[in-house]
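# Reading the structure
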Amino acid sequence: ASASPLVPLVARDAQAASAGPPDDEAMVQALAGCLVTLCSNLSLSRAREAARAAAQQGIMCAARLQQKWWEAAMPGGSDGQEAGIQWLAASLRLPMDDARDVGKGLAERRQEESMVQAVANFLKSACPDLSNDGARAAAASAAHLGVRTLGKLQRKWRTAADLGEGIPQLVRLLQVDEDDAAAISDHLEAMPPPRASPDRARY
């Protein structure tokens, strides 16, 4: 499985936040880069214009854009998707087709983050020594390598564990130390075997 292009966006926002307050133009450029990732039809110049339109409303990063889009889409029920697209078109000053592509990308990113968080929650419960940020970083590391669900993590671990390499596999996938990997391995061992499903191959 290939790594999702959306995973680095999570890290990009986190890196921007930890680097201190950058100048507005740098944030506009970063948001423009995210928009191009979300909508391949956008040229970089058009993405910059859209990012500047967003910045005028205080939207300076992809995480904030996603939050505001979700607030616009969420109350609408079955009509929420269209409401979110209309909000994107107005806020970014984009044609509806491009706004629809951005909305689709944001929805996929939200799903991606939800899967990463679910794995992070398991890692935190399996290894209390991990901080919340550490568990999320470990889950994001696995997602970057194509392991985005707990079932997929369990299968990867089981295949390696049958060869006596379960803990090294977890160290590689999660970027954790051996003690943490051993605690996680114990919890995976105690779980029931994952059910085989052809749909899981996509993840």
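The model shown is predicted, which means the values in this text are computed figures rather than measured ones.

Running from amino to carboxyl end, helix α2 (residues 24-38) crosses helix α3 (residues 44-55) at an angle of 120 degrees, the nearest separation of the two axes being 8 Å. As the angle between them shows, α2 and α3 are arranged oblique. You can see that α2 and α3 cross each other, and the crossing is right-handed. Of the residues in α3, those touching α2 at Glu-25, Val-28, Gln-29, Leu-31, Ala-32, Leu-35 and Val-36 are Leu-44, Ala-47, Arg-48, Ala-50, Ala-51, Arg-52, Ala-54 and Ala-55. When grouped by side-chain class, the residues that make up the contact of α2 with α3 number 11 nonpolar, 1 polar and 3 charged.

Attention now moves to the side chain of Ser-91. Topologically, Ser-91 is positioned in helix α5 (residues 80-92). Owing to a relative accessible area of 4%, Ser-91 belongs among the buried residues under this scheme.

Attention now goes to the nonpolar core. Generally speaking, a soluble globular protein has its nonpolar side chains buried in company with each other. Of all hydrophobic cores here, the largest spans 26 residues; its most connected members are Leu-31, Leu-35, Leu-65, Leu-88, Leu-92, Val-102 and Leu-106. Contributing elements (two or more residues each) for this core: α2, α3, α4 (62-73), α5 and α6 (96-126). Ranked by residues supplied to this core, first place goes to α2 with 6 residues. With sequence-adjacent residues up to four places away left out, Val-102 is seen in contact with Leu-35, Leu-38, Cys-39, Leu-88, Leu-92 and Leu-94. Among the nonpolar cores identified, the runner-up in size contains 23 residues, and Val-116, Phe-122, Leu-123 and Ala-142 belong to it.

A separate point is unusual backbone geometry. Its identity as a non-glycine residue notwithstanding, Arg-93 has a phi of 55 degrees, on the positive side. Its location among the elements puts Arg-93 in the loop between α5 and α6. Note on Arg-93: relative accessible area 59%, which makes it exposed. Its identity as a non-glycine residue notwithstanding, Gln-175 has a phi of 55 degrees, on the positive side. Mapping Gln-175 onto the fold places it in the loop between α9 (166-174) and α10 (178-190).

Tallying each qualifying case throughout the model produces 1 aromatic pair. Plain terms: the ring middles of Trp-69 and Trp-70 are 5.8 Å apart, the flat faces sit at 50 degrees to each other, and that makes the pair tilted. Relative accessible area serves as the criterion here: at 7%, Trp-69 is assigned to the buried category. Residue placement shows Arg-110 over the ring face of Trp-70; its charged tip is 3.8 Å from the ring centre.

Each value, and the rule that gives it
Residues numbered from 1 in each chain as written. Predicted model: local features only at pLDDT ≥ 70, side-chain atom pairs only at ≥ 80, totals over all residues. Heavy atoms only, no water. Axes fitted to C-alpha atoms, helices over the stretch in contact; angles between N-to-C directions. Helix = DSSP H or I, 4+ residues; strand = E, 2+ residues; numbered from the N terminus. Parallel < 35°, antiparallel > 145°, perpendicular 65-115°, else oblique. Left-handed = near helix turned anticlockwise from the far one by under 90°. Contact = heavy atoms within 4.5 Å. Nonpolar A, V, L, I, M, F, W, Y, C, P; charged D, E, K, R; others polar. Buried < 20%, exposed > 50% of the residue type's maximum accessible area, 1.4 Å probe, protein only. Core = buried A, V, L, I, M, F, W, Y, C linked by side-chain atoms within 4.5 Å. Phe/Tyr/Trp six-rings, centres within 6.5 Å; stacked < 30°, edge-to-face > 60°. Lys NZ or Arg CZ within 6 Å of the ring centre and 35° of its normal.

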